[in-house]
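# Overview (structure and organization)
What follows is each chain in one-letter form.
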Amino acid sequence: MSKPSSAAIYARISSDTTGEGLGVQRQLEDCRKLAADRGWQVAEEYVDNDISAYSGKIRPAYQRMLQDMAAGLRDAVIMYNSDRLTRQPIELEEFIRVCDQAGIEQVASVSADFNIGTDDGLFNLRIMAAFAAKESGRKSARQKRQIQQRAEAGLPGGGSTRPFGYEPDKITIRESEATIVRSLVDRFLAGESTRSLAIWLNDSGIPTSSGTARWASQTVRGMLRGPRLAGLRVHQGAIIGKGIWQPIISEEVHARILAEFDKRKTSQHRAPRRYLLSGMLRCGNCGAKLNSAAKHSATRSETRRYVCTADPRTGGCGRLTVVAAPVEEWLTEAVLYRLDSPDLAAALTGQAHEDAERDALMEELQADRAQKDELARMWANREIASADWKSAREPIEVRIAATERRLHQMQGTEGVAQIAGTGDEIRASWASLNLERQSAIIKALLDFATIKPGKRGAQSLDPSRVVPTWRL
Ligand SMILES: [Zn+2]
């Protein structure tokens, strides 16, 4: 293997100061020394400050490094420790894929080397990442207590994005936006749909608080339903008291908004959907689609599952079962992560080409149909004989059928373009979305996922059993 000539060094300081909180400077020095010892040339150092990889927050330097890697600008990666790189196994898979596509095999850390060109190296890196995720989980027990204390004190919670209507301190009202909120509330209570309000916001050029995402009906819904507007603090889905910020609407108006949502919900007569991934899972033994099924235990408690049903018509083998909840959680997380990944942006760019192809196909289709009509007209006018008409018509009909098939295969992706890059936002409001909407978001990205057979009696889901095939 030749010596890397444009290696990347990655360093990150985590927000956890209680642990082995190593300064970035120290990490960088150790990494530089490692590079020098091996004669690797470093092209760039990527440093993220004070952001835990586990929190799922976007790390700008890390993203930039991935982009440079994907663009073929880096030929090796050095980090202090593999837990500096990723703390979520899903993120690691993304990293490995970028390495794989860019042909990067040498990934070194001060404590261990991973030749990810080999199965052993890959395995080790994965194990380290899984272990780091567990460590972080433990660490977050402390963080959870802190979050609870903040909530009880009525301090604002939530992520890095400020709530619409408030300044970044999440306490002071931003009057220009609060006016908009009040008018949204009035219009909603007057019967306007959240969808129509979202369209109005976009058409009026009013930016969301993140400034990047467009308004979706669900964003409006989440904001209007949220007790925050009435100055109420929510913790783990329940109102626990008054927040220290100023309310934009009264508690009475908040209650009317909820009642209005309930009223609209009950007027839609649709059977509630209970399985998020219906139709999207396949059996790893036989390839058949998995069916949803609930298993009732003696105590009448119920476990939702996806199963391969033995059926000669579908070829189902009947030998695979997976508990629904963990697969749903894992794939949801994978989809939300993917929404923010550079890969998706690239796929969407590629989609522009497909749009061009679609236009070309539509033109062909119209030309063929016009020619077919013209032939019929000539036959009707007795300009050509029946036999000639038939033989001239056949190849055109074959072409039309092929074009129609191809057009049918092309999936519309307008929806994805709208939600791309909003994984964090959607994650924050995920629980408030209904199952139809959640399912639609997953379907927009996921073609299907294959569930591989698991070990008998395993207590938890082994994520490597789930193999997603992305639509985009
Ligand atoms: Zn099967």
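Figured I'd write up the structure that's included with this text. If you're wondering where the values come from, they're calculated on a predicted model, not measured in any experiment.

## Comments concerning the packing of helix α10 (residues 324-339) against helix α15 (residues 435-445)
Two elements in contact, α10 and α15, have axes whose closest approach is 10 Å; the angle formed by their N-to-C orientations is 60 degrees. The interaxial crossing formed by α10 with α15 has left-handed handedness. On the side of α10, the interface is formed by Thr-332, Val-335, Arg-338 and Leu-339, while α15 contributes Ile-441, Ile-442 and Leu-445. Split by residue class, the contact of α10 with α15 holds five nonpolar, one polar and one charged.

## Topic: the sheet that holds strand β8 (residues 281-283)
The strand order across the open sheet built from three strands is β8-β12-β13, with neighbouring strands paired in mixed fashion. Looking at which strands have only one partner, the edges of the open sheet turn out to be β8 and β13 (466-470). Here the average twist between neighbouring strands, direction ignored, is 25 degrees. Of the strand pairs in this sheet, β8 and strand β12 (residues 446-451) are connected by three bridges, and their pairing is parallel. Following the sheet pairing, Leu-281 is matched in β12 by Ala-449. Against the sheet, α10 contacts β8, β12 and β13, and its axis sits at roughly 40 degrees relative to β13. Its contacts with the sheet put α15 on β12 and β13, and the angle it makes with β12 is roughly 90 degrees.

## What to know about the nonpolar core
As a rule of thumb, nonpolar side chains are buried together in soluble globular proteins. Among the nonpolar cores identified, the biggest contains 38 residues, and Leu-277, Leu-281 and Leu-331 are the most heavily contacted of them. Elements with a minimum of two residues in this core: β8, α10, α11 (342-380), α15 and β12. Here this core takes nine residues from α10, the largest share from any one element. When near neighbours in sequence (up to four residues on either side) are disregarded, Leu-277 contacts Tyr-306, Val-327, Glu-328, Leu-331 and Ile-442.

## Examining the pattern of salt bridges
Side chains that carry opposite charge are capable of pairing whenever their charged atoms lie near each other. The full count for this structure, using the stated rule, is 23 salt bridges. A salt bridge links Asp-37 to Lys-33, with the shortest nitrogen-to-oxygen separation between them at 3.2 Å. Here Asp-37 and its partner Lys-33 are both found in helix α1 (residues 24-38), four residues apart, which amounts to about one turn of the helix. The exposure classification of Asp-37 matches that of Lys-33, with both residues exposed. With its nearest N and O atoms 3.9 Å apart, the salt bridge here joins Glu-252 to Arg-256. With a gap of four residues between them, Glu-252 and Arg-256 both fall in helix α9 (residues 251-266), about one helical turn apart. For Arg-256, a relative accessible area of 43% gives the class partly exposed.

## Description of the coordination of the zinc ion
Taken together, Cys-283 (SG), Cys-286 (SG), Cys-308 (SG) and Cys-317 (SG) make up the full set of protein donors to the zinc ion, lying 2.3 to 2.4 Å away. Here the zinc ion binds four donor atoms, and the angle range of 100 to 116 degrees at the metal identifies the geometry as tetrahedral. Each donor residue of the zinc ion belongs to the same chain, with the gaps between them written as C-x2-C-x21-C-x8-C. Take Cys-283: its relative accessible area is 2%, and that puts it in the buried class.

## Digging into helix α2 (residues 60-70)
Those residues of α2 that fall on the buried side of the exposure criterion are Ala-61, Tyr-62, Gln-63, Met-65, Leu-66, Asp-68 and Met-69. Of the residues trailing α2, Gly-72 is marked for its positive phi of about 80 degrees.

## A short note on the side chain of Arg-228
Note on placement: Arg-228 falls in the loop between α8 (217-225) and β6 (232-235). For the buried Arg-228, which has no salt bridge, the nearest side chain bearing the opposite charge is Asp-169, at an N-O separation of 7.5 Å.

## Examining the pairing of strand β7 (residues 238-242)
Here β6 runs beside β7; their pairing, made up of four bridges, is antiparallel. When the bridges of β7 are listed, Leu-232 appears paired with Lys-242. Between the antiparallel neighbours β6 and β7 lie two residues, among them Gln-236 with a positive phi of about 45 degrees.

## Some words on the pairing of β12
Two elements, β12 and β13, share five bridges in a ladder whose sense is antiparallel. Within β13, the residue paired with Phe-448 across the bridge is Thr-469.

## Comments concerning the environment of Arg-162
On the secondary structure map, Arg-162 appears in the loop between α5 (119-152) and α6 (175-189). Remark: the alpha-carbon pair of Arg-162 and Thr-208, spanning 46 residues in sequence, is separated by 9.8 Å. Setting aside anything within four residues of it in sequence, one finds Arg-162 in contact with Glu-167, Pro-168, Lys-170, Arg-174, Glu-177 and Ser-209. Within the structure, Arg-162 has its side chain in polar contact with the backbone oxygen of Tyr-166 (distance 2.7 Å).

## Some details on the packing of aromatic side chains
Think of a pair of aromatic rings as described by two things: how far the centres are apart, and how the planes are tilted against each other in angle. In total, this model carries five aromatic pairs according to the counting rule given. Both rings, one in Tyr-275 and one in Tyr-306, keep their centres 5.5 Å apart while their planes meet at 75 degrees; by these two values the pair is edge-to-face. Of this pair, Tyr-275 sits in the loop between α9 and β8 while Tyr-306 is found in strand β10 (residues 302-307), placing the two residues 31 residues apart along the sequence. Given a relative accessible area of 7%, Tyr-275 falls into the buried group. Over the face of the ring belonging to Trp-40 we find Arg-38, whose NZ or CZ atom lies 5.4 Å from the ring centre.

## Comments concerning unusual backbone geometry
We note that Lys-170 has phi near 65 degrees; this positive angle belongs to a residue other than glycine. Mapped onto the elements, Lys-170 comes out in the loop between α5 and α6. Judged by relative accessible area, Lys-170 falls into the buried class, the value being 12%. In this structure, Arg-382 is a non-glycine residue whose phi angle is positive, near 60 degrees. Turning to its location among the elements, Arg-382 is positioned in the loop between α11 and α12 (386-409).

Cut-offs applied
Numbering of residues starts from 1 in each chain and follows the order in which that chain's sequence is written. With the structure being a predicted model, the display of local features is reserved for residues of pLDDT at least 70 and the display and counting of side-chain atom pairs for 80 or more, all residues being used for whole-chain, interface and lining totals. Computation of side-chain values covers all heavy atoms of the structure but excludes hydrogens and water. Every axis corresponds to a line fitted to the C-alpha atoms, with the helix fit spanning only the stretch in contact, and the corresponding angles, defined between N-to-C directions, vary from 0 to 180 degrees. Each helix is a run of DSSP H or I of at least 4 residues and each strand a run of E of at least 2, with the numbering of both proceeding from the N terminus. The handedness criterion is simple: a crossing whose near helix is rotated anticlockwise from the far helix by less than a right angle is left-handed, and one whose near helix is rotated clockwise is right-handed. The criterion used for residue contact is that any of the two residues' heavy atoms lie within 4.5 Å. Here the nonpolar group is Ala, Val, Leu, Ile, Met, Phe, Trp, Tyr, Cys and Pro; Asp, Glu, Lys and Arg are the charged ones; every other residue, Gly included, is treated as polar. The rule for pairing is simple: two strands pair if DSSP sees at least two bridges between them. As used in this record, nonpolar core signifies buried Ala, Val, Leu, Ile, Met, Phe, Trp, Tyr and Cys residues forming a set joined through side-chain atoms within 4.5 Å. A 1.4 Å probe rolled over the protein chains alone gives each residue an accessible area, and that area as a share of the maximum for its type sets the label: buried under 20%, exposed over 50%, partly exposed in between. Only one rule defines a salt bridge in this text: a Lys or Arg side-chain nitrogen within 4 Å of an Asp or Glu carboxyl oxygen. Shown as donors are all N, O and S atoms within 2.8 Å of a metal ion, widened to 3.2 Å for Na, K and Ca; because water is not in the atom set, sites may appear incomplete. Key to geometry: four donors with every angle between 85 and 135 degrees are tetrahedral; four donors are square planar and six octahedral where opposite donors lie over 155 degrees apart and all remaining angles lie between 65 and 115; all other sites are irregular. Positive: Lys, Arg. Negative: Asp, Glu. His and the chain ends are not part of the count. For this analysis, a polar contact is any N or O atom pair within 3.5 Å, provided that within protein one partner can donate a hydrogen and the other can accept it, and provided that sequence-adjacent residues contribute only side-chain to side-chain pairs. Here a Phe, Tyr or Trp ring, Trp counted by its six-membered ring, pairs with any other such ring whose centre lies within 6.5 Å, and the pair is stacked when the planes are under 30 degrees apart, edge-to-face when over 60, and tilted otherwise. Any Lys NZ or Arg CZ found within 6 Å of a ring centre and within 35 degrees of that ring's normal is scored as a charge over the ring.

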